[in-house]
Amino acid sequence: MLQPLRQFFRFQESGLLIVILVLGVLLTAFAGTVRTPKFERTADGARQRVFITDAEGNRTPAFEEKNKFLNAQNLAQLAKDTSFIAIMAVGMAIVIISGGIDLSVGSIYALASVLGAMVLHHFGPEGTALAPLAACALGVLVCLATGALCGLANGGLIVALGVHPFIITLGAMAILRGIAFVATKGQSIGGFPADLREFVRFEMGNGLSVVPLLVMVLVTALGWIYLSRMAAGRRVYAIGGNEQAARFSGIRVGRVKLGVYVLAGLAAGVSAVLSLGYYGAATSGDGQGYELNVIAAAVVGGCSLTGGRGSALGVVLGALIIQMIASGIVILGIDQNYSQIIIGAVVIAAVVLDNVNTWLAKRRLTRA
Amino acid sequence: MSYIEFQSVTKRFPGVLALDGVSFAIPRGTCHALIGENGAGKSTLGKILAGVYTADAGELRLDGKPIAPANPLAARQLGIAMVHQELAFCPNMSVAENLCLGDLPLRAASFVDRPALRARAREMLASIHADIDPDALIGTLSTGKEQLVQIAAAVGTGARVIVMDEPSSSLSAGETRELFTLVRKLKARGLTLIYVSHRMSELFELCDHITVLRDGRHVATEAIPATTPARVVSQMIGRELRAQNPAHLARPAGPERLRLEALSSPGKFSDITLSVRAGEIVGLAGLVGAGRSETVQAAFGLDPAATGRVVVNDKPIAPRSIEAALAARIGLLPEDRKRQGLVLGLNCRENTALASLPVLSRLGWVRRGAERTLADRYQKRLRVKAPSLETIVGGLSGGNQQKIALAKWLARDCDVLLIDEPTRGVDVGAKAEIYALLDELACEGKALLVVSSELPELLGLCTRILVLRNGRLAGEVPRADFSEANLMRLMAGVESAAA
């Protein structure tokens, strides 16, 4: 009886799961209820309002009381929002574990979205018509390639110039968003082939968009495999833990670093594809401030900013915590403007907790 | 009359008991030597007095009153200052600014009073007769000059006790003489000095009393006239240290494995030519700064400025390339285990496999079974004492960490092992095990080049010893001529008549 419990607590991410459970319970308890119209599905699958016919034959629309947090629609929304951040956070985790940081993910996301949107628009219904499937494929490819290339540029500059990644990616954050703005002249770009939107927005049950969710699961799994099962991932931990020792062990540090920034860029590209499909338009202002949420997710998820520590699953749970807090702010009716303050405070609290934990572990070692 | 008293001082670091109930006393106005091998706890003791560390147990007394400096500032206020080996100043600020950093002379509205600053700095420097420009940036000074500035800062702020940690280790002969003159003057002024060093000759020249530490324990405190260097050496090392007759000596050496041809690196070492045969343990001795570590690092491809040739098994390898060195099966156990040898946050298995990832992985996947088998084999063979393969290396003792760092190269099946300070920060028991292990490796036909600052270690272990002096090969001592005196003479460049 105790054994599985003990194993659960030894499991690295169990703390995060507990936090998520507690947050969920608290939100459910304090969210209150909302009256929503009731829907049902007809035989041919269409949605229609439910009406109650009373004894006199009057039809009145039916309503139901739902918990504001714990209802299918809100949870589906939460899952979708989480997936955009979580995908980028997996890339960020790899960078942070290697001892680096990437501040430009939000801008990479914007540039990839915008360039992808331009391609989709060009070959979409309003432009040179191409087979919709080919147009979509091309758009997706451009998105991913843009992400990877931006990452390559970041990594290349960091390795070649030997400048701290904070500086390079801070510059890239401004430059890439600037390029996105110049390319679009600040305009929103839409008019994509309908197929992409239909695919990404494919819903199951009560408005649950499964595609972003599945992509998130896939990216998490790939990130987990990369970090814990592949030689490349081991090298990432090694250079994050002790770059000099890694070099002394024959690890090509520059090459590994280049790789992690490409992966972070690619993850931003994947998120950009989903956002194009989901929102059907892109502007150069997309993803503003995402770097805060993404880094927050990674840090809350257990990545150490000094490098060498963290996991893919942890950061996805971290992303979920960040989104639950963001969504909680809406549900509890707190002024939206406070969300940045609260998320910022959560990041600092997470790092302080982590430091306390490290200190305790060190003390245990000394006592032993 | 004792001025400073240590009573049962104990200090523990993760995995190491650095000081174990050390008690002794120091009279006022004397220069007191603290000597011991690396890891004996002499620096730790000095740092506890200066507030860098706090003792876990025991008591310090200054002039009869118990003290417990919680940090260097508190120690300063008690009149205790420390002169550090490493940079203790802000390199981009001037000598004057650094000297007055804790107490800048100010004008109205918190503006720094520059003339007053300069005047005060000049006065502090003059009080120790140091000829240093107060406007020079600290970063542009030599180590010796910077040490003088540290001493000036200590004396200028009213220190009564100065702890000097290996002050002469990176000084030239001339600078060392200057330092000695200064120490004598300070003593004459009634200051008490604690001189941490392992250079016997200096201590006998300079100090009044000597305390010997071994493995964190107090061995003896004696007046200098009452003891001799030989006596101190025997106190330092105890008896068990030497592996007297390593087995590899009985076997004929095999073919040449490693040859360095005119290996040079500007400013570090030049024209090093040596060869190591299978089954040999060749020692590389020299004083700090002679270029020993730099030479083995260059042989491993770590020095981008190196010229000359590295030949392994009669095949020259590309210099300046770690990949080439690894492909030729050279392994380097670096000098600084924590910074260069291990990733402390990873576990035993991951550290052991770190250099073998290309061998252990297929299509980028780590073969976990093979990895575990390999790590387990070397953990057993090297008798690493760790709860499991998954134990984080940072929590192990120095000796076990060193074994893991060595296991990394054995797992890679290296023919040539470059071993830099095999037993630094390792306790006595583990030392003996590491010596036995190195002997065993030589018996198996590996070629070992061992760098060490501890002469008894080289004398006990090696087939022959090469001596470096100022970056050049000063000579070779065959086993038949092994003695500390012979080596020291070559290391220090003293003619044989002087010995």
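The rules behind each value
- Residues numbered from 1 in each chain as written.
- Chains lettered and ligands numbered in written order.
- Predicted model: local features only at pLDDT ≥ 70, side-chain atom pairs only at ≥ 80, totals over all residues.
- Heavy atoms only, no water.
- Helix = DSSP H or I, 4+ residues; strand = E, 2+ residues; numbered from the N terminus.
- Expected span 1.5 Å × (residues − 1).
- Buried < 20%, exposed > 50% of the residue type's maximum accessible area, 1.4 Å probe, protein only.
- Polar contact = N/O pair within 3.5 Å; in protein donor to acceptor, adjacent residues only side chain to side chain.
- Domains from an automatic or database assignment.
- Disulfide = S-S within 2.5 Å.
- Contact = heavy atoms within 4.5 Å.
- Buried area = accessible area lost by both parts, 1.4 Å probe.
- Salt bridge = Lys/Arg side-chain N within 4 Å of Asp/Glu carboxyl O.
- Pairing = 2+ DSSP bridges.
- Core = buried A, V, L, I, M, F, W, Y, C linked by side-chain atoms within 4.5 Å.
- Axes fitted to C-alpha atoms, helices over the stretch in contact; angles between N-to-C directions.
- 1 Å grid on protein atoms, 1.4 Å probe; cavity = no way out; pocket = protein on both sides within 12 Å on 5 of 7 lines; lining within 4 Å.
- Points joined across faces, edges and corners; volume = space filled by probe spheres on them.
- Nonpolar A, V, L, I, M, F, W, Y, C, P; charged D, E, K, R; others polar.
- Phe/Tyr/Trp six-rings, centres within 6.5 Å; stacked < 30°, edge-to-face > 60°.

Enquirer: Is there a simple way to think about helix 13 (residues 312–331) of chain A in this case?
Expert: Residue pairs three or four apart in sequence face the same way in an α-helix, which turns once every 3.6 residues. Residue and element names in this part refer to chain A. Between its terminal C-alpha atoms helix 13 stretches 28 Å, which fits the 28 Å expected from 20 residues at 1.5 Å a residue. Of all 20 residues making up helix 13, 16 are buried, and the element is well covered by its neighbours. The backbone nitrogen of G314 lies 3.0 Å from a side-chain oxygen of the residue at the head of helix 13, namely S311. Remark: G333 follows helix 13 within two positions and exhibits a positive phi of approximately 75°.

Enquirer: Looking at this model, I keep getting lost on the domain arrangement of chain B. Mind explaining?
Expert: In many reports, interface size means the accessible area that the parts give up when they come together. Domains assigned within chain B are domain 1 (2–237), domain 2 (250–329 + 414–499) and domain 3 (340–412). Taking only C-alpha atoms into account, the centre of domain 1 of chain B sits 40 Å from that of domain 3 of chain B.

Enquirer: So what exactly am I meant to see when it comes to the state of the cysteines here?
Expert: Here, disulfide denotes a covalent bond that connects the sulfur atoms of two cysteines. One pass over the structure, following the stated rule, counts 0 disulfides over all chains. Looking at the unpaired C150 of chain A, the closest cysteine sulfur is the one in C143 of chain A, lying at 11 Å. With no disulfide of its own, C100 of chain B lies closest to C90 of chain B among cysteine sulfurs, the gap being 13 Å. Accessibility expressed as a relative area gives 2% for C100 of chain B, which makes it buried.

Enquirer: Is there a simple way to think about the interface of chain B and chain A in this case?
Expert: Taken residue by residue, the interface counts 35 residues in chain B and 21 residues in chain A. Of the roughly 2400 Å² buried between chain B and chain A on both sides combined, carbon and sulfur atoms contribute 60%. Our count for the contact surface shared by chain B and chain A stands at 3 salt bridges. Here E371 of chain B makes a salt bridge to R234 of chain A, at a shortest N to O gap of 2.5 Å. Where chain B touches chain A, the interface holds 8 residue pairs in polar contact (both at pLDDT 80 or more). Looking at the side of chain B that touches chain A, the elements that each hand over two or more residues are strand 1 (2–13), helix 10 (322–327), helix 11 (337–341), helix 12 (348–353), helix 13 (357–360), strand 18 (365–366), helix 14 (368–381) and helix 15 (398–411) of chain B.

Enquirer: Explain the pairing of strand 19 (residues 416–420) of chain B here, please?
Expert: The side chains of a regular strand alternate between both faces of the sheet. Residues and elements named next belong to chain B. Across the 5 residues of strand 19, 5 count as buried, placing the element largely inside the fold. Burial along strand 19 is two-sided: V416, L418 and D420 facing one way and L417 and I419 facing the other are all buried. Here strand 16 (residues 330–333) pairs with strand 19 via 4 bridges, running parallel. Of the residues in strand 19, the one forming a bridge with I330 is V416. Of the pairings in the sheet, the one linking strand 19 to strand 20 (residues 447–451) comprises 5 bridges and is parallel in character. Residue pairing across strands places L417 opposite L448, the latter belonging to strand 20.

Enquirer: I would appreciate a short explanation of unusual backbone geometry in the present structure.
Expert: Where the residue is not glycine, phi is negative for most of them; where a peptide bond is considered, it is trans in most cases. Residue and element names in this part refer to chain B. The backbone phi angle of N313 is positive, close to 50°, even though this residue is not glycine. Mapped onto the elements, N313 comes out in the loop between strand 14 (307–312) and strand 15 (315–317). By relative accessible area, N313 is classed as partly exposed at 26%. Not every positive phi belongs to a glycine, and E421 is a case in point at roughly 55°. By the element assignment, E421 lies in the loop between strand 19 and helix 16 (428–443). Taking relative accessible area as the criterion, E421 reaches 3% and is therefore assigned buried.

Enquirer: Explain the nonpolar core to me, please; I cannot follow it from the model alone.
Expert: Note that soluble globular proteins tend to have their nonpolar side chains buried in a common cluster. With 93 residues, the main nonpolar core has L276 and V315 of chain A as its most contacted residues. Considering each element in turn, this core owes the most residues, 14 residues, to helix 3 (residues 72–97) of chain A. Among the nonpolar cores identified, the runner-up in size contains 80 residues, and L263, F269, L438 and M491 of chain B belong to it.

Enquirer: Got a minute to help me understand the sheet that holds strand 21 (residues 464–469) of chain B in this structure?
Expert: Sheet strands associate in pairs through backbone hydrogen bonding, adopting either a parallel or an antiparallel arrangement. Residue and element names in this part refer to chain B. With respect to topology, 6 strands assemble into an open sheet ordered 16-19-20-13-21-22, the strand pairing being mixed. Edge strands, defined here as strands with exactly one partner in the open sheet, are strand 16 and strand 22 (472–478). Strand after strand, the sheet turns through a mean of 20° between neighbouring axes, direction not considered. Strands in contact with helix 15 are strand 16 and strand 19; relative to strand 16, the strand with the most contacts, it is inclined by about 170°.

Enquirer: Can you walk me through empty space enclosed by the protein in this structure?
Expert: A water-sized probe, rolled over the atoms, reveals where empty space remains. All names here are of chain B. This structure, assessed with the given rule, holds 4 cavities of 30 Å³ or more. There is about 70 Å³ of room inside the largest cavity. As for the largest cavity, its lining consists of G144, K145, Q147, L148, L171, E175, E178 and L179. Put simply, the parts of the chain that give the lining of the largest cavity at least two residues each are helix 5 (143–156) and helix 6 (173–188). When residues of the lining of the largest cavity are assigned to their parent elements, the largest contribution, 4 residues, is made by helix 5. Looking at the lining of the largest cavity residue by residue, the classes come out as 3 nonpolar, 2 polar and 3 charged.

Enquirer: Would you mind going over the sheet that holds strand 12 (residues 269–277) of chain B with me for this structure?
Expert: Residues and elements named next belong to chain B. Taken together, 4 strands build an open sheet; the order of strands is 12-11-14-15 and the sheet is antiparallel. Here the strands that pair on one side only, and so sit at the sheet edges, are strand 12 and strand 15. Strand-to-strand twist in this sheet, taken as the mean axis angle between neighbours without regard to direction, amounts to 20°. Taken together, the 6 bridges between strand 11 (residues 256–265) and strand 12 define a ladder with antiparallel strand orientation. Along strand 12, the bridge assignment pairs L263 with I272.

Enquirer: Whenever I open this one, the pairing of strand 22 of chain B confuses me. Can you help?
Expert: All names here are of chain B. Across 6 bridges, strand 21 lies against strand 22 in antiparallel orientation. Counterpart to L466 in the pairing with strand 22 is E476. Here strand 21 folds back onto strand 22, and the loop between the two strands holds 2 residues, one of which, N470, carries a positive phi near 50°.

Enquirer: What should I look at first to understand the packing of aromatic side chains in this one?
Expert: Here a ring pair, both rings aromatic, is described through the centre-centre distance and the interplanar angle of the planes. Residue and element names in this part refer to chain A. Under the counting rule described, the total for this entry stands at 6 aromatic pairs over all chains. An angle of 25° between the planes, with centres 6.1 Å apart, marks the rings of F84 and Y279 as stacked. With F84 in helix 3 and Y279 in helix 11 (residues 253–279), this residue pair connects regions lying 195 residues apart in the sequence. Residue Y279 is classed as partly exposed on the basis of its relative accessible area of 46%.

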